[in-house]
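# Coordinates in review
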Amino acid sequence: MREEINELLRLIPSMDELLSNPWVAEYEKFLNRNAVKSVFAEVIGEVRRDLRLGKITMVDPLVIEQEARKRLERRSRRSLKPLVNATGVIVHTNLGRSCLAEEAAHAALEASRRYTTLEYDLTEGKRGQRNDHVEWLLCQLTGADAACVVNNNAGAVLLCLSALVAGKEVIISRGELVEIGGSFRIPEILAFSGARMVDVGTTNRTSLEDYERAITEQTAMLLKVHPSNYRIVGFHEETSRKDLCRLAREKSLLVMEDLGSGMLVDPHIEELPQEATVGTCIEEGVDLVTFSGDKLLGGPQIGGIVGRAQLIKKLLSFPLYRALRVDKMTLAAFEVTLRLYLEGKTARIPTLSLLQFPKEGLKKKAQHLRRRLQRLLPEGVFDVVPVEDAVGGGAFPECPLQGYAVSVFLPWIGGGNAGLLQNLLREGEDPIVAGASENRVLLHVRTLLEGDEERIERAFLALCSRKETEESR
Ligand SMILES: *Cc1c(COP(=O)(O)O)cnc(C)c1O
């Protein structure tokens, strides 16, 4: 047994043998010699381990070379790159949430290439505050007295709790002890901040009396959390924001609300119920509201905090703030995004314009794409079909948006296998992430941006040449 394994181990190509392959030079253009070696070492190590564990019982040096080459290929290419979102999910967290308005993207690019006023006051000719670029704008848009921004909303919540209520009690409804995804769990954030969580009520019903009864000498805050992608339907009661704020005033407690998606304006979409904007929360008396910049707001990844000036001041001088501070490119993009709101040019913000896309327009867009693809691949089957799109980002999970897609059936791809076609579209030069239903791939047109139709066309053209090679076999 031992002998046999030793025999097989000797068949594994050595590092020097692998390095002597003529194709290595191709990858050394992108990766230095040490990086190439580490990829080889990884493959050799895995084969050795699998042999010893009995997971494999033979060794083919050619297969090992191919595997090594495949990994070099992948390591040589850019990993974070643009793709075509044909899923119809507007704020798709895995696909980078919001796309910036042109103006905002340009501001980020400029800030990245040149020196800026990031922390410099031109009037005084001395040091300024990076927060100053957006505070006044956020106050105008929300009616708050003061504002600041950090890396993301998770950071915003953590900063507020750590700086304001560590060591004290925070009362929260059991219906709001949610996990947002990506391991952001409210009870864990509360514990990490040093605040003591006091959960009240039940999963489906929490009344004002529940909060009131739980208040002690140690209580510092009533916390309200938007349940985001989680919904309680049926027998359900939630304490109103106004009642909660009134109770807090009476007892001299803070009210904080983690609003999640953080809309600055009501988008007025027929299919969606009305949701509180950041401004509504402030108007109804919440002391601090936190929200994400890259969900329905449509800006870069940021955590916004608006509320009472003396609280914001405490946040800015708390050491954690420095660890969560926003970089210049993000801040530049965020400032310009906020200015678009103030100028009333929200149609320039992709997240909002995709959300408000008229249904007729979507149908036309789908028909146009269908015609182009059908012309390109006459033997493919392309149809315009109604589909359900989604807001995404944990917002309005139970409210699909009516959309349109081009459904695709290519009989020569694995006998019309939709899963295989999805894979091929994903792995192409210009990756396309699409939906599927039964044996059809669905290209949702709502989330297609400028230039995406041409990218899809190129991808299908590549599938066309695949057809020719398969036929000539
Ligand atoms: C999305 C969300 C978060 C996390 O926000 P990030 O900006 O991703 O850090 C926190 N709370 C709620 C309610 C959310 O919806």
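Report follows, based on the coordinates. Fair warning: this is a prediction, and the values are worked out from it, not measured in the lab. (Residues numbered from 1 in each chain as written. Predicted model: local features only at pLDDT ≥ 70, side-chain atom pairs only at ≥ 80, totals over all residues. Heavy atoms only, no water.)

## Comments concerning the site of the ligand
The condition is simple: Residues are counted as near a molecule or strand when any one of their heavy atoms sits within 4 Å of it. The definition of a polar contact used here is a pair of N or O atoms within 3.5 Å, where within protein one atom must be able to donate a hydrogen and the other to accept one, and adjacent residues in sequence count solely through side-chain atom pairs. Note on areas: Shrake-Rupley with a 1.4 Å probe; residue coverage comes only from the protein chains shown. Only runs of H or I of at least four residues qualify as helices and only runs of E of at least two qualify as strands under DSSP, and these elements are numbered from the N terminus.
For the ligand, the full set of nearby residues is Arg97, Asn152, Asn153, Ala154, Ile180, Phe184, His226, Ser228, Asp258, Gly260, Ser292 and Lys295. Separating an oxygen atom of the ligand from a backbone N or O atom of Asn153 is a distance of 3.0 Å. The separation between an oxygen atom of the ligand and a polar side-chain atom of Lys295 is 2.7 Å. With the chains in place, 93% of the 390 Å² that the ligand exposes on its own is no longer accessible. Mapped onto the shell around the ligand, the elements with two or more residues apiece are α8 (153–165) and β9 (254–260).

## Quick word on the sheet that holds strand β11 (residues 303–307)
For sheets, the rule is that strands pair by backbone hydrogen bonds, running either parallel or antiparallel. Defined as follows: When DSSP locates at least two bridges between a pair of strands, those strands are taken to pair. Angular values range over 0 to 180 degrees, each being the angle between N-to-C directions of two axes fitted as lines to C-alpha atoms, with helices fitted over their stretch in contact.
With mixed pairing, 7 strands are arranged side by side in an open sheet as β5-β11-β10-β9-β8-β6-β7. Both outer strands of the open sheet, β5 (146–150) and β7 (196–200), are each paired with one neighbouring strand and no more. If you compare each strand with its neighbour and ignore which way they point, the axes differ by 20° on average. Here β9 pairs with strand β10 (residues 288–292) via 4 bridges, running parallel.

## What to know about the packing of aromatic side chains
How we decide: Only Phe, Tyr and Trp rings take part, Trp by its six-membered ring, and two of them pair if their centres are within 6.5 Å. Stacked means planes under 30 degrees apart, edge-to-face means over 60, and tilted covers everything else. Only protein chains enter the accessibility calculation, which uses a 1.4 Å probe. A residue is then buried if its area is under 20% of the maximum for its type, exposed if over 50%, and partly exposed in between.
In this structure the tally under the stated criterion is 3 aromatic pairs. Seen in terms of ring centroids, Trp23 and Tyr27 are 6.3 Å apart; in terms of plane orientation they differ by 75°. Their pairing is edge-to-face. Judged by its relative accessible area of 11%, Trp23 falls in the buried class. Accessibility expressed as a relative area gives 3% for Tyr27, which makes it buried.

## As for the state of the cysteines
Let me state the cut-off plainly: Pairs of cysteine sulfur atoms within 2.5 Å are identified as disulfides in what follows.
Scanning the model with the defined rule gives 0 disulfides in all. Just so you know, Cys160 is unpaired, no disulfide at all, and the nearest cysteine sulfur is the one on Cys148, 6.9 Å from it. Cys160 sits in the buried class, given a relative accessible area of 0%.

## Here's the deal with the pairing of β10
Selection rule: Looking down the strands as they point away from the viewer, one classifies a crossover as right-handed if the path from the first strand across the helix to the second runs clockwise.
Among the 5 residues of β10, 5 are classified as buried, and the element is accordingly described as predominantly covered. Here β10 shows a buried face lined by Leu288, Thr290 and Ser292 and a second buried face lined by Val289 and Phe291. In terms of handedness, the path from β9 via helix α12 (residues 278–283) over to β10 forms a crossover that is right-handed. Inspection of the sheet shows β10 paired to β11 by 5 bridges, in the antiparallel sense. When the bridges of β11 are listed, Val289 appears paired with Val306.

## Thoughts on the pairing of strand β14 (residues 432–437)
Look at any regular strand and the pattern is simple: side chains alternate between the two faces of the sheet. Across 3 bridges, the pairing between strand β1 (residues 84–86) and β14 is parallel. For Asn85, the partnering residue across the bridge sits in β14 and is Val433. Remark: 2 residues form the turn of the hairpin made by β14 and strand β15 (residues 440–444), two consecutive strands paired antiparallel; Glu438 in that turn has positive phi of roughly 50°.

## What to know about the side chain of Ser173
Here is the rule: Whether two residues are in contact is decided by their heavy atoms: any pair within 4.5 Å suffices.
Inspection of the secondary structure assignment puts Ser173 in strand β6 (residues 169–173). Among the polar contacts made by the side chain of Ser173, one reaches the main-chain amide nitrogen of Gly175 at a distance of 3.1 Å. There is a polar contact of 2.8 Å between the side chain of Ser173 and the side chain of Thr206. Each residue touching Ser173, except ones within four places of it in the same chain, is listed here: Val200, Thr202, Thr206 and Tyr211.

## What to know about the nonpolar core
Within soluble globular proteins, side chains that are nonpolar generally end up buried alongside one another. Put simply, the rule reads: What makes a nonpolar core is a set of buried Ala, Val, Leu, Ile, Met, Phe, Trp, Tyr and Cys residues whose side-chain atoms join them at distances within 4.5 Å.
Of all hydrophobic cores here, the largest spans 59 residues; its most connected members are Val289, Val306 and Leu355. Counting 32 residues, the second-largest nonpolar core is a separate cluster that includes Phe184, Leu223, Ile305 and Tyr321.

## Re the environment of Arg113
In this fold, Arg113 is placed in helix α6 (residues 102–113). Owing to a relative accessible area of 65%, Arg113 belongs among the exposed residues under this scheme.

## Observations concerning the packing of helix α4 (residues 33–52) against helix α5 (residues 61–76)
Put simply, the rule reads: Any angle from 65 to 115 degrees is called roughly perpendicular, while one under 35 is roughly parallel, one over 145 is roughly antiparallel, and all others are oblique. Helix crossings fall into two classes, left-handed where the near helix is turned counterclockwise from the far one by less than a right angle and right-handed where it is turned clockwise. Lys, Arg, Asp and Glu make up the charged group, whereas Ala, Val, Leu, Ile, Met, Phe, Trp, Tyr, Cys and Pro make up the nonpolar group; the residues left over, Gly among them, are polar.
Relative to each other, α4 and α5 sit at 140°, their axes nearing to 10 Å. Classified by the angle their axes make, α4 and α5 are oblique. Note on packing geometry: the crossing formed by α4 with α5 is right-handed. Seen from α4, the contacting residues are Val36, Val39, Phe40, Glu42, Val43, Glu46 and Val47; seen from α5, they are Ile64, Glu67, Ala68, Arg71, Leu72 and Arg75. Of the residues contributing to the contact of α4 with α5, the split by class is 8 nonpolar, no polar and 5 charged.

## Brief notes about the environment of Thr216
You can see Thr216 is positioned in the loop between α10 (208–214) and β8 (219–225). Residue classification places Thr216 among the partly exposed residues on the basis of a relative accessible area of 39%. It is 9.8 Å that separates the C-alpha atoms of Thr216 and Lys251, two residues lying 35 residues apart in sequence. One polar contact links Thr216 to Glu169, side chain to side chain, over a distance of 2.9 Å.

## Description of the sheet that holds β1
Strand order across the open sheet formed by 6 strands is β1-β14-β15-β13-β12-β2, with mixed pairing between neighbours. Of all strands in the sheet, those bounded by a partner on one side alone are β1 and β2 (89–91). Geometrically, the sheet is characterised by an average inter-axis angle of 35° between neighbouring strands, direction not taken into account. Judged from the 2 bridges that link them, β2 and strand β12 (residues 381–392) form a sheet pairing that is parallel.

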